[in-house]
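Residue-level structure breakdown
Take a look at the letters that make up each chain.
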Amino acid sequence: MKQQSAQTKTKRGTPDFQLLILTLLLVGFGLLMVFSSSSSIAIANSSFNNDPLYFTKKQLMWAVIGLVGMFFAMNIRFNKYKKLYAPFFLFTTVLLVLVLVTGAMLNGARSWIRIFGFSLQPAEFAKIAIILYLSALITKKGERFRDLKTGYIPVLVIVGFIAGLIMLQPDFGTCFILVSTCGLVIYAGGASMKHIMGSILLVVLGGALALGANALFSSMSPSDAVDSTTAASAEQNYKIGRIQAFLDPLSDTSGGSLNLFRSLVAIGDGGMTGSGIGQGTMKLHYLPNAYNDFIFSVIGEELGFLGSALFLLVYLYFIWRGIIVSLRCPDPFGTLVGIGIMGLIAIQAFINIGGVTQTIPVTGVTLPFISYGGTSLFVMMVAMGILLSISRTNNQDVIKEERTKSVTVQTQTRTSPALRSRDSKSIRRIR
């Protein structure tokens, strides 16, 4: 009996090997490009201790922390995430509120908060928290999710609440990524297209009214209240400048369109084969945030069209592999979480690469796994740990099926000799 129970006991499946290797390759390539794009800036700046490895060391530290987090998340049984999503969502919401009160202002946004000596961006955690929360809520509601009042509207309220907290920072790029990812999860969860199209229309109208009201009140402000509206006006002009730069990068090459113009120059200088790793010139104090928002421009200059195309093909295969793993999950919750994670990575990568190549206006978001940014890298690696946990659940089902076949074969081969002899005599008589 003990031997039989040991044989029938199901072991945990192995993680998807391809997805794991691709994640590690992307992280390693990101470290290489962070070094290539930041070393010349760091060595010439005393604020960075004149250390060419200043940014690389920090990114490596977060990569190690992220690796620990990824393996930890990968070894949590997937069904436990159905219980862990609630406290994680609550914790993230508290951080989003705290950052509005105590967060440090950087580049016109209050997005960072210091905890235990680390600077963290709560909006990055919110991306994963909202995916887990929506996936659990949609799965729990089932068919009731298609009902407008009891299913769809409560989900929209949650998304709107988190998006509102992020917009108060303000961080339009992250808010857009979060809302787009939530829309993908909602669509995959089986929401009515009529409800989705209505929501999109309301968001567009609401955004237009908000921008119009902001412009109206700014223009009506009295002269003695100029100081109180200077920050808002500067932020508005900054966003308008990005749109103008997208429409015409040559309109103001020394002002609003400077970043995009130099980004396009860097990509164009790369040609077919590029200048080689570390040999680019636009990162030498010409291209701002070369190791962060515009790191793909450095890739284009140093690896050229062929290297950039190869990188994009690997990235696309990585996303495709993640979607396949998600769709194979027998649990709807796991499928929605996996689609949300891979959708998040795909949307953010498209916005980053699209911005620096003049496909869409620049929004200032990181390229997942590649750009410098500790919180972003850590969250993305933990998210992949969750997806690898889903893949272990898929492989566990394969193990169950193989064990069932093995037990069946063993049962047939262990038939008593007398019974096999009697069966063979019966066959001979029939012949």
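Just so it is clear, the model here is predicted, and its values are computed rather than measured.

Further remarks concern the overall build of the chain. A count of helical and extended segments in the chain gives 14 helices and three strands. Here the chain holds 431 residues, and the buried ones make up 44% of them. Taking the intrachain contacts of the chain between residues at least 6 apart in sequence as the baseline, contacts between residues at least 24 apart amount to 73%. Approximately 22,400 Å² of the chain is accessible, and the part contributed by carbon and sulfur atoms is 66%.

Inspection of the entire model under this criterion finds 19 aromatic pairs. Linked through ring pairs, Phe 29, Phe 296, Phe 311, Tyr 315, Phe 318 and Phe 369 together constitute an aromatic cluster.

Let us now look at the pattern of salt bridges. Scanning the model with the defined rule gives five salt bridges in all. The partner of Asp 331 in a salt bridge is Lys 82, with the nearest N and O atoms 2.6 Å apart. Linking Asp 331 in the loop between helix H11 (295-328) and helix H12 (332-356) with Lys 82 in helix H4 (residues 81-102), this pair joins segments that are 249 residues apart in sequence. What makes Lys 82 partly exposed here is its relative accessible area of 35%.

On the surface, Phe 17, Ile 21, Leu 24, Leu 25, Leu 67 and Phe 71 cluster together to form a nonpolar patch covering roughly 520 Å² of accessible area. Considering each element in turn, the nonpolar patch owes the most residues, four residues, to helix H2 (residues 17-43). Considering the arrangement of structural elements, one finds Leu 67 in helix H3 (residues 54-74).

Here we come to helix H10 (residues 258-270). With 13 residues, H10 should reach 18 Å at 1.5 Å per residue; the first-to-last C-alpha distance of 19 Å fits that figure. Every buried residue of H10 is listed here: Leu 258, Leu 260, Ser 263, Ala 266 and Gly 270. Where H10 ends, the next residue or the one after it, Gly 271, has phi of about 60°, a positive value.

Bringing the packing of helix H6 (residues 148-167) against helix H7 (residues 172-188) into the picture now. Relative to each other, H6 and H7 sit at 165°, their axes nearing to 9 Å. Our classification of the angle between H6 and H7 gives roughly antiparallel. The element H6 and its partner H7 pack so that their crossing is right-handed. Residue-level inspection shows Tyr 152, Val 155, Leu 156, Val 159, Ile 162, Ala 163, Ile 166 and Met 167 of H6 in contact with H7, the latter providing Phe 172, Thr 174, Cys 175, Leu 178, Val 179, Cys 182 and Ile 186.

This part takes up helix H5 (residues 122-141). Between its first and last C-alpha, H5 extends 28 Å over 20 residues, near the 28 Å set by a 1.5 Å rise per residue. Burial of H5 is extensive: 17 of the 20 residues sit out of reach of the surface. Of the residues flanking the end of H5, it is Gly 142, one or two places downstream, whose phi is positive at about 65°.

Below, the discussion takes up the nonpolar core. Tyr 315, Phe 318, Phe 369, Ile 370 and Met 384 are the most contacted members of the largest nonpolar core, which has 103 residues in total. Look past the residues within four positions of Phe 369 in its chain and what remains in contact with it is Thr 23, Leu 26, Val 27, Gly 30, Tyr 315, Phe 318, Ile 345, Leu 377, Met 380, Met 381 and Met 384.

Another aspect to go through is unusual backbone geometry. Here the bond from Gln 169 into Pro 170 is cis, since omega is -10°, no more than 30 degrees from zero. You can see Pro 170 is positioned in the loop between H6 and H7. If you check the backbone angles, Asn 50 has positive phi at about 50° while not being a glycine. On the secondary structure map, Asn 50 appears in the loop between H2 and H3.

Averaged over all residues, the pLDDT of the chain equals 80, while 76% of them reach at least 70. Note on residues 1-9: pLDDT is under 50 here. Beyond four places in sequence and across chains, it has four contacts. Confidence over residues 426-431 falls short of pLDDT 50; this stretch has zero contacts with residues more than four positions distant or in other chains.

Remark: H2 packs on H3, axes separated minimally by 8 Å, with the N-to-C direction vectors making an angle of 165°. As judged from the angle between their axes, H2 and H3 are roughly antiparallel. With respect to the hand of their crossing, H2 and H3 are arranged in right-handed fashion. Packed against H2, whose contacting residues are Leu 20, Thr 23, Leu 24, Val 27, Leu 31, Val 34, Phe 35, Ser 38 and Ala 42, the element H3 presents Tyr 54, Phe 55, Thr 56, Gln 59, Leu 60, Ala 63, Leu 67, Met 70 and Phe 71 at the interface. Class assignment for the residues of the contact of H2 with H3 results in 14 nonpolar, four polar and no charged.

A few words on the side chain of Gln 121. You can see Gln 121 is positioned in the loop between strand S3 (118-120) and H5. Ignoring anything within four residues of it in the chain, the contact list for Gln 121 reads Ser 111, Trp 112, Asp 171 and Thr 375.

Moving on to the side chain of Gln 59. Tracing the chain through its elements places Gln 59 in helix H3. Separated by 2.9 Å, the side chain of Gln 59 and the backbone oxygen of Ser 371 make a polar contact. Apart from residues lying up to four places away in sequence, Gln 59 is in contact with Leu 31, Val 34, Ile 370, Ser 371, Tyr 372, Gly 373, Gly 374 and Leu 377.

Residue position: Asp 16 is located in the loop between helix H1 (2-8) and H2. Given a relative accessible area of 9%, Asp 16 falls into the buried group. Separated by 378 residues in sequence, Asp 16 and Asn 394 place their C-alpha atoms 9.1 Å apart. Contacts of Asp 16, omitting those with residues within four sequence positions, involve Arg 321, Val 325, Leu 388, Ser 391 and Asn 395.

With that settled, the discussion passes to the environment of Gln 348. Considering the arrangement of structural elements, one finds Gln 348 in helix H12. Since its relative accessible area comes to 1%, Gln 348 is described here as buried. Sequence spacing of Gln 348 and Gly 173 is 175 residues, and the spatial spacing of their C-alpha atoms is 9.0 Å. Once residues lying within four places of it in the same chain are set aside, the contact partners of Gln 348 are Lys 127, Ile 177, Val 365, Thr 366, Pro 368, Ser 376 and Met 380. Looking at Gln 348, its side chain comes within polar contact range of the side chain of Lys 127, at 2.7 Å.

Procedures and definitions
Residues numbered from 1 in each chain as written. Predicted model: local features only at pLDDT ≥ 70, side-chain atom pairs only at ≥ 80, totals over all residues. Heavy atoms only, no water. Helix = DSSP H or I, 4+ residues; strand = E, 2+ residues; numbered from the N terminus. Buried < 20%, exposed > 50% of the residue type's maximum accessible area, 1.4 Å probe, protein only. Contact = heavy atoms within 4.5 Å. Areas by Shrake-Rupley, 256 points an atom, 1.4 Å probe, with all protein chains shown as cover. Phe/Tyr/Trp six-rings, centres within 6.5 Å; stacked < 30°, edge-to-face > 60°. Salt bridge = Lys/Arg side-chain N within 4 Å of Asp/Glu carboxyl O. Patch = residues over 30% accessible without salt bridge, like charges linked within 9 Å, V, L, I, M, F, W, Y side chains within 5 Å. Expected span 1.5 Å × (residues − 1). Axes fitted to C-alpha atoms, helices over the stretch in contact; angles between N-to-C directions. Parallel < 35°, antiparallel > 145°, perpendicular 65-115°, else oblique. Left-handed = near helix turned anticlockwise from the far one by under 90°. Core = buried A, V, L, I, M, F, W, Y, C linked by side-chain atoms within 4.5 Å. pLDDT = per-residue confidence, 0-100. Nonpolar A, V, L, I, M, F, W, Y, C, P; charged D, E, K, R; others polar. Polar contact = N/O pair within 3.5 Å; in protein donor to acceptor, adjacent residues only side chain to side chain.

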